[in-house]
Amino acid sequence: MRKLAAGNWKMNGSLAGLGELDALAAACPDAACEILICPPATLIHPMVARIKGGGIAVGGQDCHAAGAGAHTGDIAAEQLRDAGATHVIVGHSERRADHAETDTAIAAKAAAAHRAGLCSIVCVGETEAQRDAGETLDVIARQLAGSVPDCATADNTVIAYEPVWAIGTGRTPSDNQIAEVHAAMRAALVARFGDGAGMRLLYGGSVKPSNAATIFALPDVDGALVGGASLKGADFAQIVAALDAA
Ligand code: PEP
């Protein structure tokens with residue numbers, strides 16, 4: 001299994017800022033792990049053109065479940081693929097919250113990604129209130145069951161565990177809390193998909209150069225989905241190096 005360092009630029013970045021991509025590429029010419037950047041949709045094709053087949057993959061941050069049609073403002077998985085994307089994030093907690101995305105809708109988006117030949121990165125994660133109420137494992141089990149489509153395989157699907165309260169806050173779960181959730185996710189995937197359960201499990205939520213090595217040493221952590229620290233090529237390169245060293 002090749003580990004994955006995935007960056008989510010969210011609604012940040014511009015054509016003028018693509019030098020950060022050059023800095024990342026220059027800092028990790030021989031990375032063993034897979035490196036992915038998911039920029040805003042406007043930057044996907046410029047990034048693909050700039051990388052020129054180099055060792056960094058480019059992905060979308062969302063896709064529509066339909067292949068085409070009257071859905072103003074949305075982007076089909078096929079269009080992401082056409083622009084050169086190879087991956088797409090679905091079910092990020094910011095989209096679950098801002099756009100009221102349900103598990104069913106997210107599973108349909110992931111299935112659309114697979115039909116288009118993209119690898120989906122399906123996000124799950126509990127809120128702080130759910131963790132405080134002792135509901136974390138139930139929430140993760142429900143989101144996994146509902147958001148991961150039956151067509152998921154180890155090749156076309158990555159799961160990202162992103163506690164909502166850890167995103168952009170500088171706070172992270174304890175090592176034991178991360179390990180507990182990742183073990184539960186692995187067990188749920190094995191129970192549902194059997195041999196096909198070798199999907200990569202990423203941790204996401206305030207991953208930084210200073211905590212990456214500790215997180216990557218945990219069992220069943222196969223990489224990270226990184227927001228803020230992926231915006232600077234030099235910072236993300238340190239996270240890539242930590243993943244390679246794990
Ligand atoms: C994210 O939004 O996917 C994320 C993990 O953000 P951050 O690394 O900034 O917490």
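Everything here concerns the structure above.
These lines cover the structure that appears in this document, whether it is placed above or below.

### Comments concerning the packing of helix 1 (residues 19-27) against helix 2 (residues 44-51)
For any two helices packed against each other, the geometry is given by the interaxial angle and the distance between the axes.
For step 1, the next point in the chain: Close contact between helix 1 and helix 2 brings their axes to 11 Å; oriented N to C, the two are set at 40°. It follows that helix 1 is oblique to helix 2 by the angle criterion. The handedness of the crossing between helix 1 and helix 2 comes out as right-handed. Taken together, the residues of helix 2 that come into contact with helix 1 (itself represented by Gly19, Leu21 and Asp22) are Met47, Arg50 and Ile51.
For step 2, the next point in the chain: By residue class, the composition of the contact of helix 1 with helix 2 is three nonpolar, one polar and two charged.

### Re the environment of alanine 6
For step 1, the next point in the chain: With respect to the element layout, alanine 6 can be found in strand 1 (residues 4-8).
For step 2, the next point in the chain: Between the C-alpha atoms of alanine 6 and alanine 23, which are 17 residues apart in sequence, the distance is 16 Å.
For step 3, the next point in the chain: Here alanine 6 is in contact with Leu36, Ile121, Leu202, Ala224, Leu225, Val226 and Phe236, once residues within four sequence places are set aside.

### Some details on the packing of helix 1 against helix 10 (residues 233-245)
For step 1, the next point in the chain: As a packed pair, helix 1 and helix 10 sit with axes 8 Å apart at the nearest point and diverge in direction by 35°. Of the two elements, helix 1 crosses helix 10, and the hand of that crossing is right-handed. Across from Glu20, Ala23, Leu24 and Ala27 in helix 1, the residues of helix 10 making contact are Gly233, Phe236 and Ala237.
For step 2, the next point in the chain: When the residues that make up the contact of helix 1 with helix 10 are grouped by side-chain class, the tally is five nonpolar, one polar and one charged.

### Quick notes on the pattern of salt bridges
For step 1, the next point in the chain: The full count for this structure, using the stated rule, is 14 salt bridges.
For step 2, the next point in the chain: In this structure, aspartate 62 and lysine 109 form a salt bridge, with 2.8 Å as the shortest nitrogen-oxygen distance. Of the two residues, aspartate 62 sits in the loop between strand 3 (56-60) and helix 3 (77-83) while lysine 109 sits in helix 5 (residues 103-115), which places them 47 residues apart along the sequence. The exposure classification of aspartate 62 matches that of lysine 109, with both residues buried.
For step 3, the next point in the chain: Between aspartate 150 and arginine 192 there is a salt bridge, and its shortest N-O distance comes to 2.7 Å. Residue aspartate 150 is located in the loop between helix 7 (136-147) and strand 6 (157-161), and its partner arginine 192 is located in helix 8 (residues 175-193); the two are separated by 42 residues in the primary sequence.
For step 4, the next point in the chain: By relative accessible area, aspartate 150 is classed as exposed at 67%.

Thresholds applied
- Residues numbered from 1 in each chain as written.
- Predicted model: local features only at pLDDT ≥ 70, side-chain atom pairs only at ≥ 80, totals over all residues.
- Heavy atoms only, no water.
- Axes fitted to C-alpha atoms, helices over the stretch in contact; angles between N-to-C directions.
- Helix = DSSP H or I, 4+ residues; strand = E, 2+ residues; numbered from the N terminus.
- Parallel < 35°, antiparallel > 145°, perpendicular 65-115°, else oblique.
- Left-handed = near helix turned anticlockwise from the far one by under 90°.
- Contact = heavy atoms within 4.5 Å.
- Nonpolar A, V, L, I, M, F, W, Y, C, P; charged D, E, K, R; others polar.
- Salt bridge = Lys/Arg side-chain N within 4 Å of Asp/Glu carboxyl O.
- Buried < 20%, exposed > 50% of the residue type's maximum accessible area, 1.4 Å probe, protein only.

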